[in-house]
Amino acid sequence: MSAPEAAPNDIRNLSYAEHFIVWVMRTAVACAPECRMIHREFSHAFGPHVEAGAKAFERVLLALAKGKRPITLSRPGHIHMTHDELSLLALFAAAQGGDEARALAHARWMVGQGRPEPLCEAVADLGVLLERNGRTFRRAPEVVPPEGCVGKSGRLHAVM
C-alpha cells in the first residue's frame, strides 16, 4: 500500500525557497523581524547577500502592511498553508519567472485596494537575491490549449 499523497497546501511539499518565504513570514509576524533564527536562516538563503535580502524582505513586509486586505498566515510550525500563503508563493514564482502580468495580478489580490507596484518590486528583488544563491520557486505550468483547438477564441452567447 502506498503512502497517501500530501495535500497541495502541505508545507512538506515545498522547495527551499518556498519553505523559506512561508517560514520567515510566519516567524516575523509571530515573533519579530529581529528574531535570531530569522537572521541565521537569511545567511543560508542569501549567502553573501544577507543585508540586501533582509532589506528586500523588510520592503515586502511593509508593502503587505500598507495593503488594504488582511493577510492570514498560519502559526510557525503548522504543516498546512493558508490560501494567502499559497497566493504569496504564486506571486514569488511569477516574479522570479519574469511573468510581470501574473505577478501584478497576484500582488493586486494580496494588497486589496492598496497599490500593488511596491509589493511587486520588493518581491522581484527578493526573488532575484534568492535565485543568485540557487533558491528558486516552482513556476506555474504553461497554459496548453486542449487537443483539437484551432486557436479561435470562444464566443459566449446569452440565452434569454
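Residues numbered from 1 in each chain as written. Predicted model: local features only at pLDDT ≥ 70, side-chain atom pairs only at ≥ 80, totals over all residues. Heavy atoms only, no water.

A. Geometry of helix α5 (residues 100-111). Its 12 residues give α5 an end-to-end C-alpha distance of 16 Å, which sits within 8% of 16 Å, the value for a rise of 1.5 Å per residue. Listing the buried residues of α5 in full gives A103, A107, M110 and V111. All buried residues of α5 fall inside an arc of 80° around its axis, so they share one side. The first or second residue beyond α5 is G112, which carries a positive phi of 70°. (Helix = DSSP H or I, 4+ residues; strand = E, 2+ residues; numbered from the N terminus. Expected span 1.5 Å × (residues − 1). Buried < 20%, exposed > 50% of the residue type's maximum accessible area, 1.4 Å probe, protein only. Arc of directions from axis to C-beta.)

B. Seen up close, the nonpolar core. If you look at the biggest cluster of nonpolar residues, it comprises 40 residues, and the most contacted ones within it are I21, L119 and L126. Elements with a minimum of two residues in this core: α1 (16-30), α2 (36-46), α3 (50-66), α4 (83-96), α5 and α6 (117-132). Setting aside its immediate chain neighbours within four residues, L119 contacts V60, A63, L64, L91, A107, M110 and V111. (Core = buried A, V, L, I, M, F, W, Y, C linked by side-chain atoms within 4.5 Å. Contact = heavy atoms within 4.5 Å.)

C. Spatial organisation of α2. Taken as a whole, α2 has its buried residues at I38, E41, F42, A45 and F46. The buried residues of α2 occupy one face: seen down the axis, they fall within an arc of 115°. Seen from the buried face of α2, the exposed residues on the opposite side, beyond 90 degrees, are R36 and R40. On its buried face, α2 sits against α1, α3 and α6. Positive backbone phi, at 55°, marks G47, one or two positions downstream of α2.

D. Structural view of the pattern of salt bridges. Taken as a whole and judged by the stated rule, the model has 7 salt bridges. Put simply, R26 and E85 hold a salt bridge, and the shortest N to O gap is 2.7 Å. Pair noted here: R26 is in helix α1 and E85 is in helix α4, with a separation of 59 residues, a long-range link. Accessibility classification places R26 together with E85 in one group, the buried group. A salt bridge links R69 to D84; its shortest N-O distance comes to 2.4 Å. Taken as a pair, R69 in the loop between α3 and α4 and D84 in helix α4 lie far apart in primary sequence, 15 residues in all. (Salt bridge = Lys/Arg side-chain N within 4 Å of Asp/Glu carboxyl O.)

Any link to function would need more than the numbers given here.
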